[in-house]
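One-letter residues, chain by chain:
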Amino acid sequence: MLYHLLYPLHTLFSVLNVFRYITFRTIYASLTAFFICFFLGPWVIERLTRMQVGQYIRDDGPKSHLGKAGTPTMGGVLIVAAITLSTLLWGDLTDPFIWIALLVLLGFGAVGFADDYLMQIKKQSKGLSVRGKLLLQAGVALAAGVWVYLTPNFSTEVTVPFFKTVTPDLGWGYVIFAMLVIVGASNAVNLTDGLDGLAIGPVIIAATTYMVFAYIAGHVKIANYLQITYVPGCGELTVLCGAMAGAGLGFLWFNAYPAQVFMGDTGSLSLGATLGVIAVITKQEILLVLVGGLFVIEALSVIFQVGFFKMTSGRRIFRMAPLHHHFELKGWPEPKVIVRFWIIAIALALLAMSTLKLR
Ligand code: 57M
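1. Re the site of the ligand
Next, step 1: Taken together, 30 residues are adjacent to the ligand, and Q55, N190, D193, G264 and D265 come closest.
Next, step 2: Between the ligand and D193, the relevant distance is 2.5 Å, taken from an oxygen atom to a side-chain nitrogen or oxygen of the residue.
Next, step 3: The contact in question runs from a nitrogen atom of the ligand to an N or O atom on the side chain of D196, over 2.7 Å.
Next, step 4: Contributions of two or more residues to the shell around the ligand are made by α6 (173-192), α10 (264-281) and α12 (293-311).

Below is the structure:
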């Protein structure tokens, strides 16, 4: 909005020329989203506490979690609001990619909200059914996939990290592929969100990494120099990635151990899905496996654990899945698991960045 209101006045006040620059708007989008979360956080936490949106803790999990009973959840409402407001304020709203990403953020936020609402406010212990949740997620992701596909000149070739000549063209199948990336990312972040700050840390790291990729992919000269697919218009996603990182930092202030608030499905489903759609639009789809490698590891630990559990009628690979529970049950203090998982996420993000040169 500010871009549309203030940039045209640059002929009168040359200082307003600065609104032209994505880098400038990204920095202020990050700060805006950060301050929204930081200043509104206490008020939102107090409201959620008053509405008794307190987390129910399963008694079959690590015993250390029992003390977390009653911690307000659904803090994701604040994150989603901060990213949306900040992006609307600093983004170029004529760019279709901004709207596709916001559709995913708000659509998955609504699915997560419905689930949290049924569980926390209506006190239905299960929330949405697994099938219902998956269908709603697939519906929103499909809409986003079709929109991306119909965007003029959008390439349906998939970028394979480290192999610049391998670019399979999926044609209309790209829509299904995009849907799988978005839904998969959403659920992987959801599975990771089981310790204080464990999900939001790597979300900040992934958003920051994609901030770089979005900028490069949207800049014809740099994209050509680094030989990555140029996606006209995707540079504006840098602003949204910045807002996501800023909102994440603001939320982490309150979600850091010992957490005063959890993000709920409202936060985990929407943030994961948004990372998915950003990976699709920037044409770094498969790279998400590295950028969000920690989420992939957590999801794989569940797949292997459940598969092995079923095949062997009750035997386990890990003490408990997802993987963070395994280390907790081994006796690692919660903050140690969290920080070590963040370290892994940073290392994987750096590895992902190296694909800009290693190909
Ligand atoms: C949601 N939710 C957290 C919070 C957060 C298939 C199966 C592996 C699925 C998995 C599952 O349901 N995962 C998805 C995980 C929950 O957090 C809430 O949920 C929101 C995210 N959706 O925002 O509102 C608990 O996590 C803790 N927490 C924190 N700090 C945070 O900042 O401490 C969350 C955020 C909170 C709080 O304790 O209550 C969760 O873990 O439930 N299921 C599981 O993860 C279960 N695993 C399991 O059953 N494993 C089995 C295999 C065979 C499937 C096994 O290994 O034996 C465990 N979950 C729990 N207890 N809580 C089992 C034991």
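2. Topic: a nonpolar patch on the surface
Next, step 1: Nonpolar side chains collect at one region of the surface, where L142, V146, Y149, L150, W172, I176 and L180 lie side by side and expose about 710 Å² of accessible area between them.
Next, step 2: In terms of residues, the nonpolar patch owes the most to one element, helix α5 (residues 130-150), which gives 4 residues.
Next, step 3: As for its position among the elements, L142 is in helix α5.

3. Overview of the packing of aromatic side chains
Two descriptors summarise a pair of aromatic rings, namely the distance from one centre to the other and the angle between the planes of the rings.
Next, step 1: The final tally for this structure, using the stated rule, is 19 aromatic pairs.
Next, step 2: Ring geometry for F38 and F39: centres 5.2 Å apart, planes at 85°, overall edge-to-face.
Next, step 3: The partly exposed category is assigned to F38, whose relative accessible area is 22%.
Next, step 4: By relative accessible area, which is 57% here, F39 ends up exposed.
Next, step 5: Ring centres of F327 and W332 lie 4.4 Å apart, and the angle between their planes is 35°; on these two criteria the pair is classed as tilted.
Next, step 6: For F327, a relative accessible area of 17% translates into the label buried.
Next, step 7: The exposure class of W332 is partly exposed, given its relative accessible area of 26%.
Next, step 8: Ring pairing ties together the aromatic residues F34, F35, F38, F39, W253 and F254, which thus form one cluster.
Next, step 9: Against the face of Y3 rests R25, its NZ or CZ located 4.6 Å from the ring centre.

4. Section: the pattern of salt bridges
Next, step 1: Under the definition given, this model contains 8 salt bridges.
Next, step 2: Between R25 and E236 there is a salt bridge; the shortest N-O distance is 2.9 Å. Placement of R25 in helix α2 (residues 22-50) and of E236 in the loop between α8 (220-226) and α9 (237-255) is noted, with a sequence separation of 211 residues between them.
Next, step 3: Owing to a relative accessible area of 1%, R25 belongs among the buried residues under this scheme.
Next, step 4: Judged by relative accessible area, E236 falls into the buried class, the value being 7%.
Next, step 5: Put simply, E46 and R50 hold a salt bridge, and the shortest N to O gap is 2.5 Å. With a gap of 4 residues between them, E46 and R50 both fall in helix α2, about one helical turn apart.
Next, step 6: Put simply, K68, D196 and E334 are held in one network by salt bridges that share partners.

Calculation rules
Residues numbered from 1 in each chain as written. Predicted model: local features only at pLDDT ≥ 70, side-chain atom pairs only at ≥ 80, totals over all residues. Heavy atoms only, no water. Near = heavy atom within 4 Å. Polar contact = N/O pair within 3.5 Å; in protein donor to acceptor, adjacent residues only side chain to side chain. Helix = DSSP H or I, 4+ residues; strand = E, 2+ residues; numbered from the N terminus. Patch = residues over 30% accessible without salt bridge, like charges linked within 9 Å, V, L, I, M, F, W, Y side chains within 5 Å. Areas by Shrake-Rupley, 256 points an atom, 1.4 Å probe, with all protein chains shown as cover. Salt bridge = Lys/Arg side-chain N within 4 Å of Asp/Glu carboxyl O. Phe/Tyr/Trp six-rings, centres within 6.5 Å; stacked < 30°, edge-to-face > 60°. Buried < 20%, exposed > 50% of the residue type's maximum accessible area, 1.4 Å probe, protein only. Lys NZ or Arg CZ within 6 Å of the ring centre and 35° of its normal.

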